[in-house]
Amino acid sequence: MTSPTPRFHFIGLVVADMAASLAFYRALGLAVPADADAEPHVEVPLPDGPLLVLDTIATVRSFAPDWTPPTGGHRASLAFAFADPAEVDKKYAELVAAGFTGYRAPWDAFWGQRYAVLHDPDGNGVDLLAPRSQAA
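This write-up is about the structure you can find in this document. (Residues numbered from 1 in each chain as written. Predicted model: local features only at pLDDT ≥ 70, side-chain atom pairs only at ≥ 80, totals over all residues. Heavy atoms only, no water.)

**Re the packing of aromatic side chains**
Applying the stated rule across the entire model yields six aromatic pairs. With a centroid separation of 5.0 Å and an interplanar angle of 80°, the aromatic rings of Phe110 and Trp111 are classed as edge-to-face. A relative accessible area of 42% means that Trp111 is categorised as partly exposed. Seen from the ring of Trp107, Arg104 lies directly overhead, with NZ or CZ sitting 3.8 Å from the centre. (Phe/Tyr/Trp six-rings, centres within 6.5 Å; stacked < 30°, edge-to-face > 60°. Buried < 20%, exposed > 50% of the residue type's maximum accessible area, 1.4 Å probe, protein only. Lys NZ or Arg CZ within 6 Å of the ring centre and 35° of its normal.)

**Here we look at the pairing of strand S6 (residues 113–119)**
The buried count for S6 comes to six of seven residues, which makes it a mostly enclosed element. Pairing geometry for strand S5 (residues 101–108) and S6, over five bridges, is antiparallel. Residue pairing across strands places Arg104 opposite Val117, the latter belonging to S6. Counting the residues in the hairpin turn of S5 and S6 gives four residues, including Gly112, whose phi is positive at 95°. With seven bridges joining them, S6 and strand S7 (residues 125–131) adopt antiparallel strand pairing. Residue pairing in the sheet places Tyr115 in a bridge with Leu129 of S7. Taking the residues between adjacent antiparallel strands as the criterion, S6 and S7 are bridged by five residues, where Gly123 takes a positive phi near 90°. (Helix = DSSP H or I, 4+ residues; strand = E, 2+ residues; numbered from the N terminus. Pairing = 2+ DSSP bridges.)

As structure tokens, this is what we get:
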């Protein structure tokens, strides 16, 4: 008898301020439920993939009372792909103009992608990337 193969289902983030975090992911372009800002647990379907699950600190402590936020760097890093470099530049500019924290403005990475890095309201890295055109 063979063991079943696990299927990747979700990425979970612990958030200090659900409304602020959801505002960031809405501005990024994810389909976040409009009425979710006051919820302690939110599930956001990602295009072509798993769920992005956000839980408040209180929710996590309800089943892990000793949980404390990690220190010394960001908690996690997420990467979102775009079709072309101009989309990376545009989305980065939109998010920074909306007051979110840019970490590294778009650049042409040596590995062949247009790349940018922001931080969500909890300090998690959010990478934006697209393949560079062959003419670049």
